[in-house]
Amino acid sequence: NYKIGSSDNGSMRYEETAPKETVSIKEAYVTVEETKEKTNNDNNPYNFDYYKETDVYKITKTSNDAQYLANVINYVVEQESPIHYELLCKRVAPLFGNQKATVKVRNSVEYVLDKNLKDLVIKKDDFCWHKKAKEIKVKIPLPYGDSRTINYISTEELAEAIFVIAGKSFGIKRSDLY
């Protein structure tokens, strides 16, 4: 049994005793709840770049169709390098009034790559690389954004993603993997 201290509220008076089970002491509690604003890093813990399709209509049309196509292809490859050749053809197909990459579109892209852009764009296997690109950037889709099929992602980009993920997950350095 405990003696209850002075109580002015009338429930128990000073000097009255109460059984141990009925005595309660109220303490003030402060609840701290951590809130976290949802950021893009929640969906992108490795800080990869986000993939977006290049707007081919940002390039101003010129009177020379071959030069205009070269300017568009250069811009697309620069933005999305490395880009799969078929995806590049699909990207410029609307300039020909097509939704799909036809033989005419592919032949025109091939011609422009060989004649107008041979010093700026390198075609390696099925991918076009821009010479200004110094490093491979891993690009992931935005939630509900544009995405690419795995066939349209270069082996080098996939390897870079694996290096980054392994390095951050296990502390492995690039030099340790060779």
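Further up the page is the structure itself.
Every chain's residues receive numbers from 1 upward, in the order its sequence appears when written. Under the rules for a predicted model, residues below a pLDDT of 70 receive no local features and side-chain atom pairs below 80 are neither given nor counted, while totals for whole chains, interfaces and linings still include all residues. Calculation of side-chain values draws on the structure's entire complement of heavy atoms; hydrogens and water are dropped beforehand.

Buriedness of a pocket was judged along seven lines, with at least five required to meet protein on both sides within 12 Å; pockets are open sets of points on a 1 Å grid over the protein atoms alone, cavities are sets where a 1.4 Å probe fits but cannot get out, and lining residues have an atom within 4 Å of a point. Grid points are joined across faces, edges and corners, and a volume is the space filled by probe spheres set on the points. For the largest pocket, the calculated volume is near 510 Å³. Every residue lining the largest pocket is counted, 22 residues in all, and those nearest its centre are Glu78, Gln79, Glu80, Ser81 and Lys139. Starting at the N terminus, helices and strands are each numbered in turn, a helix being any DSSP run of H or I of at least four residues and a strand any DSSP run of E of at least two. Of all elements in the fold, only strand S3 (49–51) and helix H1 (65–80) reach the threshold of two or more residues within the lining of the largest pocket. In terms of residue count, the dominant contributor to the lining of the largest pocket is H1 (4 residues). Amino acids outside the nonpolar list (Ala, Val, Leu, Ile, Met, Phe, Trp, Tyr, Cys, Pro) and the charged list (Asp, Glu, Lys, Arg) are all regarded as polar, and Gly is one of them. Considered class by class, the residues forming the lining of the largest pocket number 7 nonpolar, 3 polar and 12 charged.

Attention shifts here to H1. Helices are assigned an expected span. That span is 1.5 Å times one less than the residue count. A rise of 1.5 Å per residue sets the reference length of H1, with its 16 residues, at 22 Å; its end C-alpha atoms lie 22 Å apart and thus fit the reference within 8%. Exposed residues in this analysis have more than 50% of their type's maximum accessible area, buried residues have under 20%, and partly exposed residues fall in between, with area computed by a 1.4 Å probe over protein chains only. Buried within H1 we find Tyr68, Leu69, Ala70, Val72, Ile73, Asn74, Tyr75, Val76, Val77 and Glu80.

Let us now look at the packing of helix H2 (residues 85–92) against helix H3 (residues 103–115). Contact geometry for H2 and H3: axes closest at 10 Å, N-to-C directions at 110°. With respect to H3, the element H2 is oriented roughly perpendicular. Judged by residue contacts, Tyr85, Glu86, Leu88, Cys89 and Val92 of H2 engage Val105, Arg106, Val109, Glu110 and Leu113 from H3. Across the contact of H2 with H3, the residue classes tally to 7 nonpolar, no polar and 3 charged. The axes used here are C-alpha line fits, helices contributing only the stretch in contact, and every angle between their N-to-C directions lies in the interval 0 to 180 degrees. In these notes the angle categories are as follows: under 35 degrees is roughly parallel, over 145 is roughly antiparallel, 65 to 115 is roughly perpendicular, and the rest is oblique. Pairs of residues are marked as contacts when any of their non-hydrogen atoms sit within 4.5 Å.

Moving on: the pairing of strand S5 (residues 121–124). The rule for pairing is simple: two strands pair if DSSP sees at least two bridges between them. Strand direction decides the pairing type here: S5 and strand S6 (residues 127–130), joined by 4 bridges, are antiparallel. Bridge pairing in S6 links Lys123 to Cys128. If you look at the hairpin formed by S5 and S6, you'll find 2 residues sitting between the two strands, and Asp125 has a positive phi there, around 55°.

In the contact formed by H1 and H2, the axes pass within 11 Å of each other and the chain directions differ by 130°. When the axis of H1 is compared with that of H2, the two are oblique. By crossing handedness, the relation of H1 to H2 is classed as right-handed. Where H1 abuts H2, its residues Leu69, Val72, Ile73, Val76, Val77 and Glu80 lie against Leu88, Arg91 and Val92. Helix crossings get a hand from a simple test, with the near helix turned counterclockwise from the far one by less than a right angle marking a left-handed crossing and a clockwise turn marking a right-handed one.

Omega for the peptide link from Ser81 to Pro82 comes to -5°, which places this bond in the cis form. Relative to the assigned elements, Pro82 resides in the loop between H1 and strand S4 (83–84). Phi angles above zero are rare outside glycine, and Asn47 is one such case at about 55°. The residue Asn47 is located in the loop between strand S2 (17–18) and S3 in this model. Residues other than glycine seldom take positive phi values, yet Asp125 does so here, at roughly 55°. Along the chain, the position of Asp125 falls in the loop between S5 and S6. Among the residues examined, Asp125 registers a relative accessible area of 66% and is labelled exposed.

Here we come to the sheet that holds S4. Overall, antiparallel pairing links the 3 strands, which are arranged S4-S6-S5 in an open sheet. Two strands bound the open sheet, and with one partner strand each, they are S4 and S5. Along the sheet, H1 makes contact with S4, S5 and S6, crossing S6 at roughly 90°.

As far as function goes, none of this settles anything; it's purely spatial.
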